[in-house]
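# Descriptive structure summary
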Amino acid sequence: MTDPSKLAVAVVCSSNMNRSMEAHNFLAKKGFNVRSYGTGERVKLPGMAFDKPNVYEFGTKYEDIYRDLESKDKDYTQNGLLHMLDRNRRIKKCPERFQDTKEQFDIIVTVEERVYDLVVMHMESMESVDNRPVHVLNVDVVDNAEDALMGAFVITDMINMMAKSTDLDNDIDELIQEFEERRKRVILHSVLFY
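Residues numbered from 1 in each chain as written. Predicted model: local features only at pLDDT ≥ 70, side-chain atom pairs only at ≥ 80, totals over all residues. Heavy atoms only, no water.

### Thoughts on the domain arrangement of the protein chain
For the protein chain, the assigned domains read domain 1 (8–40 + 97–193) and domain 2 (43–91). Domain 1 and domain 2 are separated by 24 Å when their C-alpha centres are compared. In this assembly, 13 residues from domain 1 lie in contact with 11 residues from domain 2. Interface of domain 1 and domain 2: buried area, both sides summed, is about 970 Å²; carbon and sulfur atoms make up 66% of it. The largest share of the area that domain 1 buries against domain 2 comes from Ser15, Met17 and Met21, three residues that together contribute 59% of it. Seen at the junction of domain 1 and domain 2, the total is one salt bridge. The partner of Arg87 in a salt bridge is Glu22, with the nearest N and O atoms 2.7 Å apart. Here domain 1 and domain 2 share six residue pairs in polar contact (both at pLDDT 80 or more) between them. Of the residues in the side of domain 1 that touches domain 2, the class split is two nonpolar, nine polar and two charged. (Domains from an automatic or database assignment. Contact = heavy atoms within 4.5 Å. Buried area = accessible area lost by both parts, 1.4 Å probe. Salt bridge = Lys/Arg side-chain N within 4 Å of Asp/Glu carboxyl O. Polar contact = N/O pair within 3.5 Å; in protein donor to acceptor, adjacent residues only side chain to side chain. Nonpolar A, V, L, I, M, F, W, Y, C, P; charged D, E, K, R; others polar.)

Here it is in structure tokens:
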């Protein structure tokens, strides 16, 4: 497969704000057919106090979240939240919840084991319709701006490798092993079916 747009990719984090959106941005620029999601009950962003996060429903426009935070405190510029939301609103309208999508993908990449477990659990609870395989992979990415940027490079590198395969289902174990050795990372992998 040499045309990246033929591979349907999803990137999933908890709130569809930082890690999944950074990777979404990178993959889209490389021509991939990519979507991004969160798995949490609600979208949570840091607040001015550790125990008082800003909480929004999935589907709340990034623009509205941006305006809300901006009106609360200009300090959100210092901690990077407004910059992150500015990027997000240029990519898509709002954070989306993975459990609510009907889209089908060839590869789903999660960015932490807890999110991976939620995606696998959700996929296993669904009725398989046409027995189409999907590869769910986890690449651990720490939830901060710098690590999200590095994680996006790593995820894009991995997806680029996989996009070059003419038989992904057959080649994936070998590709993962090669990637793990080269990047010194452990990748979780499950094959599930739509």
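### Considering the layout of surface pockets
The space that makes up the largest pocket amounts to roughly 630 Å³. What lines the largest pocket is a set of 29 residues, and nearest its centre among them are Asn18, Leu81, Met84, Asp143 and Ala145. At the level of elements, α1 (19–29), β3 (43–49), α3 (81–91) and α5 (145–163) are the ones that each hand at least two residues to the lining of the largest pocket. A total of six residues in the lining of the largest pocket trace back to one element, the largest contributor, which is α3. Here the lining of the largest pocket is composed, by residue class, of 12 nonpolar, nine polar and eight charged. (1 Å grid on protein atoms, 1.4 Å probe; cavity = no way out; pocket = protein on both sides within 12 Å on 5 of 7 lines; lining within 4 Å. Points joined across faces, edges and corners; volume = space filled by probe spheres on them. Helix = DSSP H or I, 4+ residues; strand = E, 2+ residues; numbered from the N terminus.)

### Concerning the environment of Tyr76
Note on placement: Tyr76 falls in the loop between α2 (62–72) and α3. Residues Tyr76 and Tyr66, spaced 10 residues apart in sequence, show a C-alpha to C-alpha distance of 9.5 Å. Contact partners of Tyr76, with chain neighbours within four places excluded, come to Pro46, Gly47, Met48, Asn54, Leu69, Leu81 and Leu82.

### Things to note about the sheet that holds strand β6 (residues 133–138)
Spatially, five strands are ordered β2-β1-β5-β6-β7 in an open sheet, and the strand pairing comes out mixed. Sheet topology places β2 (33–38) and β7 (188–193) at the edges, where each strand pairs with a single neighbour. Averaged over all neighbouring strand pairs, the angle between strand axes comes to 20 degrees, with direction disregarded. Pairing between strand β1 (residues 8–13) and β2: six bridges, direction parallel. The residue of β2 that forms the bridge with Val12 is Tyr37. Along the sheet face, α5 touches β1, β5 (107–110) and β6 and points at about 160 degrees away from the line of β5. (Pairing = 2+ DSSP bridges. Axes fitted to C-alpha atoms, helices over the stretch in contact; angles between N-to-C directions.)

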